[in-house]
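# Understanding the architecture of this molecule
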Amino acid sequence: QVHLVESGGGLVQAGGSLRLSCAASGSIFSFNDMGWYLQVPGKQREMVATITSGGSTRYADSVKGRFTISRDNAKNTVYLQMNSLKLADTAVYYCRARVGLALYWGQGTQVTVSS
């Protein structure tokens, strides 16, 4: 069983920055990949950014050039640095880990961008 705990969400003005953290209970070095997903009310959860065990990254078009995903294997933590935040980035952000065929999700952290 893998437990993921997100932190770092909050209220920020448009144009500002936040850094989300996802701390895992296990060694993320062995995880196939980890990622950040967002969800707004009434819509499906969607991918924001992912990072593989080898360090390859992938981003949604809407966040390319503004968000950066990274991982610290020693701390078993994945980060999402979010810069130049827009009103449209307002959502609950979830951390996900893929270990073999199993998917694990955190509880989510709210990010609210105000004008």
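Relevant structure appears above.
In this report, the structure presented in the accompanying data block is examined. None of the values given here were measured: they were computed from a predicted structure.

## Here we look at the nonpolar core
Across soluble globular proteins, you tend to see nonpolar side chains buried next to one another. In terms of nonpolar packing, the biggest core is built from 31 residues, with Leu4, Met34, Trp36, Val48, Leu80, Met82 and Tyr93 touching the most fellow members. For this core, the secondary-structure elements that each account for two or more residues are β3 (18-24), β4 (33-39), β5 (46-52), β7 (67-72), β8 (77-82), β9 (91-99) and β11 (109-114). Setting aside chain neighbours within four positions, we find leucine 80 in contact with Leu18, Arg19, Leu20, Trp36, Val48, Ala49, Phe67, Thr68, Ile69 and Tyr93.

## Things to note about the environment of glycine 16
Within the secondary structure layout, glycine 16 lies in the loop between β2 (10-13) and β3. Judged by relative accessible area, which is 19%, glycine 16 ranks as buried. Separated by 66 residues in the primary sequence, glycine 16 and methionine 82 have C-alpha atoms spaced 8.3 Å apart. Beyond its immediate sequence surroundings of up to four residues, glycine 16 is in contact with Met82, Asn83, Ser84 and Leu85.

So, how was this worked out
Residues numbered from 1 in each chain as written. Predicted model: local features only at pLDDT ≥ 70, side-chain atom pairs only at ≥ 80, totals over all residues. Heavy atoms only, no water. Core = buried A, V, L, I, M, F, W, Y, C linked by side-chain atoms within 4.5 Å. Buried < 20%, exposed > 50% of the residue type's maximum accessible area, 1.4 Å probe, protein only. Helix = DSSP H or I, 4+ residues; strand = E, 2+ residues; numbered from the N terminus. Contact = heavy atoms within 4.5 Å.

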